[in-house]
Amino acid sequence: MNVEELHLVLQQSFSADAAVRNPAETTIRNLKYIPGAVPALLRVASELQVRFEVRQAAAIQIKNICRECWTPRQGFPYSLVSDGETAGESIEEVSPAPSATTANTEEQQGSLSLQQQFPILSDADKAEIKASLIRALLDEPEKSVRDLFAECLHTMVVHEFPDKWPDLVPTLLTTIREGILAMEQPELKHKAGLQVHNALLSLRKVCKRYEYKSKDQRGPLNDIVQASFPMLLPLGQQLVHQNSIESAMMLKQILKIFWSSTQFYLPGRDPGNSNDGDPTNGGSTGSSSIGLARPDMLQPWFDVLTAALKKPLPEAEQPADLEARNAWPWWKVKKWAVQVMSRMFSRYGFVSYADDEPAKEFARYFSTVVAPQFLGPVCETLNIRTLGQFCTDRVVHLCLTFVTSAVELSATYKLLKPHLDFLLYQVCFPVLCLSPSDVECFENDPVEFVHKQNSPLADFYDPRLSAITLVKDLVKQRGQDVTQNLLARMTEILHRYNSSPVEQKNHIEKDGALLTFGSLSKPLLATPKYATQIEGLLLTSVFPDFTSPIGFLRYRACWMVQQFAAVKWTDDGTHLKKLLQKVLERLSDPALPVQIEASKALRFLIETDGADEALLPVLPQLLTEYFRIMNEIGNDEVVSALQVLLEKFGEHIEPHAVQLVTQLSQAFDQYCRAGDDQDDDDAALAAAQCLECIATVLKGVCSQESMLKRLEPLLLPLVLKILGDDGDFIEYLECALDILTFLTYFQSQISMELWQCFPLIYVAFDQWAYDYLNMMVPCLQSYISKSPQIFLTGTAQLPEGPIPYVELIISMVSKTLTNDRASEMECRYALSLFMSILHNCIGKVDSYLPFFNELALGKLGQQISAPQALTRISVYQVLGSALYYNPQLELVELERRAVTGQVFSKWLQDIEHMEKWLPKKMAVLGITSIFKLPTQALPQSIVAILPQLLHTAVRLASAMKEESAKTPKGGDDDDDGLDEDEDDGAAVLGDDDVGDLDHGFGEDEDVKNEADEAYRKALQGSSGWDDDMAKFLMGDWDEDAEDVDEEYESPLDVIDEIIFVNDTLKHAFHQEPMAYQQIQNALPPLSVQAVQRLFLVADSIRAQASQQATQES
């Protein structure tokens, strides 16, 4: 397809005539299969004479194809043939297993080639794309097309830079260098400025690739910093004193490059350092995260950032339109300046959190020199609004964030202390109060008001939330200077409101005061001095507002209930009953935001003593009100409140289950459409919450299989929709899998309709939900165990052809075990699927044993020296299952790989570290199964260790019997004690979090906060990873400690280990008395006695079972 034809097809895709549009769209979807299509798209997208919409469409296709087709992805991994041999000499290096045919039906035998062909860009296309894209991006004037090109660049950088694209950064830096010179010539200034800006944008995309990398993976970024910063710094120093929009756009990109390069580690190179080029050192000296980025190296950058924030922006030069003002490049520059400095402060500015001397030196400099210098411009910026001038919400938010950090340090707090009244009452309190636009939004666009108040992203941009955080931190950390005066001021506002004539009441001021009190609810309730006054506050200043004619005060009253639901009432319960009644009445308030807050308030009141007595009689009406509100707006907290209601009254839910699931499913569809069509984040969150509510209903009725049968037709379309929509609903996948697990696990048989989901799980895993394996495994195990025959004979119709269900599971396990991205936890979940097959398909999957062994033993080889044995133990569970399944075939597989001795040697060592029931059981069953074979049929490597194997099986089975006699399997005695400890710990943490409202830290003290310290140490790569809190906060919690097989169930559960060992050994002794006499002679006397005791215990178990059966009959 040439460029002209492609241009025509893109134009036709905009046609109103479906007969023209549909073929064009089909052609566009298939462009990824056509060599040379992407370079042709680039020529269309970069041609400025082409219609803008067509250029944009071409750029979108380039972005999508590059993202999908730049590198191959793993498809179905097997080419099954009828013959083959296995090579391999050790656990560490095992070649692919011999392919085999399906054992169950002749139709499945023969040769299959199942390698999926995915479109991949050729090397020639890639080379042309890289060269053409850079040229197009550097010259592109349209922002939307430029941003699409930049996203393409980022995709290519991920896969190509630096090894396959070494000239990328030099090209960009040359463009910047030459552009700086050309901008001095008036006739070239505009074009050169555009190219410099676009080159800076491109450089940012390269830097962003390494923004979140660990220190030892940032070598290329350090090289970029060394090469570019000496040129970017003087350019930034020049731009900050200019006034053009072009200068602001370039400066913004420079600050974003600085942000990407410094927000986690400060790179630096010392010309005299012999380790300068060592990427493992992160370009730093010693172990310091600061490296060689000395204060004197960064001070010029701090000067640029300070100048950017201080730069006056005359009102006359700013756009008149509010939206345009917020997007104005010079306000964006200020936003990035304060964002960088806020991160610098929290990341590097605290001496007590620095982990070595260079870091401490930098922190001392920052906290005593840089932060105080920057604090002045920050406060000047916060003063802009008090002077009646414009300042963007984002800049105010970030300035307040910087001040919050400044409160913690003595050096900066001393500067703030004389200005606390200014901060609290001229900056923070006006921000807390509703603005005229907020009131207008409440009254005329209540849906938008609710969205704004409940936005999950508000923490990142809403100055009201950053003001609340600052006030809370001041009270908690510097209470002696703040608390008394603040509470007195807020109380005075409430008294003035109550005593003023109706026409003089300041409703907005009262709302701000209540918001302040409510934001401090936790420390106030935890401090007896103040907790006793809360009841009076609610009675005098909150209860009356439930019937106020001012809608936002009714809204605030319901919000206050949520904050102070734990208050201790001193009367006979009348106040609580009255409060419940008032909240129930507000569920039908004329103002939607009030309804929302009332529905959320019930969530908090429902746990109070006596609440259930008031709510249970009106439960049907309550459910009706909740669904009415949910039909009006998608709000996840409303649905969450409904979920709490369902959990509280779970035993009363069954009569309403069908209606609940029906309405929740309808609400989910409604919210999905809103989230998709209108880009409504609140609706998307509410949709997920609807699914969680459905799971709560299922939890309440899961013991009633007949009810699950009734609910299945309602839920199956919902699950199929989520699983089968190419990842468009991935945010709901976890909930859908939970629902599917309920439907498959708690029903004795799985309907053929439910089997529709099985191949969709594979497709989702393979194409867009790889990270969800852990949540897929439980329902996959149910499919295998509940309907093994369907599992063995079923096939999925995939693009590669019909694929047996068994091979889908093998593909999932293979992709997980061979992928570097997979965690060890995910690998253990994957291996448990092999166990499910071996346990539930006895004698029917012989031909797949080579694959099971290949993958399991390959993983064992990777983990052979791992300090933790958890993944090895999961491999042993598979090997034990295979030995129990067919000991002869399994030993043949091990012998063909010449790894039998190594495997059993390591297995017997690791048995000593097995703590859980399942790996012990599979070790007993697997090892004991070997004794079912004639000794002459055993490989010599096994014959040599038969005495040791016998001793291990007997000892382990006996120990399991003793353990079960002490603690029943699955007992939770220990959990109760743990919960008590956790509760105690939570109470202690809560007390620490509250702080001392009337004292806090003195002005000569830095604030010390355990959670913040752990977080910062974690950010700095602290070597003290024994700190559990730091691990948790940084997402490095030891997930490997979790037991994958805690809930695993299989037909083998009914096998008594003692009886199995007893019967197997007695049979073996009977069949080959001489051989086993030799084995017995090789055993030490204690082991012989252990065998004899086991025989006696087995006889006792059988006698007890016989006696019990007689009694029951």
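Refer to the preceding data block for the structure.
Predicted model, so just to flag it, every value in this text is computed and none were measured.

*Asks:* In this structure, what is going on with the overall build of the chain? I would like to understand it.
*Replies:* Across its full length, the chain holds 52 helices and two strands. Residues classed as buried in the chain amount to 54% of the 1113 residues present. Considering only residue pairs separated by 6 or more positions, the chain has 76% of its internal contacts joining residues 24 or more positions apart. When the accessible surface of the chain is summed, it comes to about 48,800 Å², and 51% of that surface belongs to carbon and sulfur atoms.

*Asks:* It is not clear to me how the pairing of strand 2 (residues 801-804) should be interpreted in this structure. Could you clarify?
*Replies:* Along any regular strand the residues' side chains alternate between the sheet's two faces. Alignment of strand 1 (residues 795-798) against strand 2, held across four bridges, turns out to be antiparallel. Across the sheet, the residue bridging to Q797 is P802, located in strand 2. Where strand 1 folds back onto strand 2 in an antiparallel hairpin, the turn is made up of two residues.

*Asks:* In this structure, what is going on with the side chain of T952? I would like to understand it.
*Replies:* Mapped onto the fold, T952 is located in helix 46 (residues 946-966). Take T952: its relative accessible area is 6%, and that puts it in the buried class. A distance of 2.9 Å separates a polar side-chain atom of T952 from the backbone oxygen of Q948. The residues contacting T952, other than those within four sequence positions of it, are L908, I911 and I927.

*Asks:* How should I be thinking about the nonpolar core in this particular structure?
*Replies:* Nonpolar side chains tend to gather and get buried jointly when the protein is soluble and globular. One finds M776 and F791 to be the most contacted residues of the largest nonpolar core, which totals 369 residues. With 13 residues, helix 32 (residues 681-701) is the single largest residue contributor to this core. Setting aside its immediate chain neighbours within four residues, F791 contacts W755, F758, I784, Y805, V806, I809, I837 and C841.

*Asks:* What exactly am I supposed to notice about helix 4 (residues 52-69) here?
*Replies:* The periodicity of an α-helix, 3.6 residues per turn, causes residues three or four places apart in sequence to face the same way. Compared with the 26 Å implied by 1.5 Å per residue over 18 residues, the 25 Å span of helix 4 between its first and last C-alpha is a close match. Along helix 4, the residues that are buried comprise V54, R55, A57, A58, A59, Q61, I62, K63, I65, C66 and C69. Against helix 1 (3-12), helix 2 (18-29), helix 3 (37-46) and helix 6 (143-160) lie the buried residues of helix 4.

*Asks:* I'm lost on the state of the cysteines in this one. Help?
*Replies:* Working definition: the covalent bond between the sulfur atoms of two cysteines is a disulfide. Scanning the model with the defined rule gives zero disulfides in all. With no disulfide of its own, C399 has C391 as its nearest cysteine by sulfur position, at a separation of 6.3 Å. The thiol sulfur of C779 is not disulfide-bonded, and the nearest other cysteine sulfur, from C757, lies at 8.4 Å. Residue classification places C779 among the buried residues on the basis of a relative accessible area of 0%.

*Asks:* Sorry, what's going on with the packing of helix 46 against helix 52 (residues 1085-1112) here?
*Replies:* Helix-helix packing is described using two parameters, namely the angle between the two axes and the distance between the axes. Packing of helix 46 against helix 52 leaves a shortest axis separation of 10 Å and a crossing angle of 45 degrees. Relative to helix 52, the element helix 46 is oriented oblique. Like other packed secondary-structure pairs, helix 46 and helix 52 cross with a definite hand, here left-handed. The residues of helix 52 that touch helix 46, namely those facing L950, H951, V954, A957, S958 and K961, are S1087, A1090, V1091, L1094, V1097 and I1101. Class assignment of the residues belonging to the contact of helix 46 with helix 52 gives a composition of eight nonpolar, three polar and one charged.

*Asks:* Would you take a moment to explain the environment of F851 for this structure?
*Replies:* Positionally, F851 belongs in helix 40 (residues 849-862). Linking F851 and F834, residues 17 residues apart in sequence, is a C-alpha distance of 10.0 Å.

*Asks:* Would you mind showing me how to read the packing of helix 38 (residues 805-817) against helix 40 here?
*Replies:* Close contact between helix 38 and helix 40 brings their axes to 11 Å; oriented N to C, the two are set at 15 degrees. Accordingly, the angle class assigned to the pair helix 38 and helix 40 is roughly parallel. The two elements helix 38 and helix 40 cross, and the hand of that crossing is left-handed. Listed contacts from helix 40 to I810, V813, S814 and L817 of helix 38 are F851, F852, L855, K859 and Q862. Looking at side-chain class alone, the contact of helix 38 with helix 40 contains six nonpolar, two polar and one charged residues.

*Asks:* For this particular structure, what's the right way to read a nonpolar patch on the surface?
*Replies:* On the surface, a nonpolar cluster with roughly 290 Å² of combined accessible area is contributed by M1, Y33 and I34. Relative to the helices and strands, I34 is located in the loop between helix 2 and helix 3. The class of I34 is partly exposed, set by a relative accessible area of 31%.

*Asks:* Is there a simple way to think about the packing of aromatic side chains in this case?
*Replies:* The final tally for this structure, using the stated rule, is 39 aromatic pairs. Between W259 and W336, the aromatic rings sit 5.9 Å apart at their centres with planes inclined by 70 degrees, giving edge-to-face as the arrangement. Taken as a pair, W259 in helix 10 (residues 245-262) and W336 in helix 13 (residues 329-348) lie far apart in primary sequence, 77 residues in all. Since its relative accessible area comes to 10%, W259 is described here as buried. Overall, the relative accessible area of 9% leaves W336 in the buried class.

*Asks:* Would you explain a negative patch on the surface in this entry?
*Replies:* Taken together, the side chains of E440, E443, D445 and E448 define an acidic patch exposed on the protein surface. Along the chain, the position of E440 falls in helix 18 (residues 436-444). Classification of E440 as partly exposed rests on a relative accessible area of 43%.

Cut-offs applied
- Residues numbered from 1 in each chain as written.
- Predicted model: local features only at pLDDT ≥ 70, side-chain atom pairs only at ≥ 80, totals over all residues.
- Heavy atoms only, no water.
- Helix = DSSP H or I, 4+ residues; strand = E, 2+ residues; numbered from the N terminus.
- Buried < 20%, exposed > 50% of the residue type's maximum accessible area, 1.4 Å probe, protein only.
- Contact = heavy atoms within 4.5 Å.
- Areas by Shrake-Rupley, 256 points an atom, 1.4 Å probe, with all protein chains shown as cover.
- Pairing = 2+ DSSP bridges.
- Polar contact = N/O pair within 3.5 Å; in protein donor to acceptor, adjacent residues only side chain to side chain.
- Core = buried A, V, L, I, M, F, W, Y, C linked by side-chain atoms within 4.5 Å.
- Expected span 1.5 Å × (residues − 1).
- Disulfide = S-S within 2.5 Å.
- Axes fitted to C-alpha atoms, helices over the stretch in contact; angles between N-to-C directions.
- Parallel < 35°, antiparallel > 145°, perpendicular 65-115°, else oblique.
- Left-handed = near helix turned anticlockwise from the far one by under 90°.
- Nonpolar A, V, L, I, M, F, W, Y, C, P; charged D, E, K, R; others polar.
- Patch = residues over 30% accessible without salt bridge, like charges linked within 9 Å, V, L, I, M, F, W, Y side chains within 5 Å.
- Salt bridge = Lys/Arg side-chain N within 4 Å of Asp/Glu carboxyl O.
- Phe/Tyr/Trp six-rings, centres within 6.5 Å; stacked < 30°, edge-to-face > 60°.
- Lys, Arg positive; Asp, Glu negative; His and termini not counted.
- Charge placed at Lys NZ, Arg CZ, Asp CG, Glu CD.

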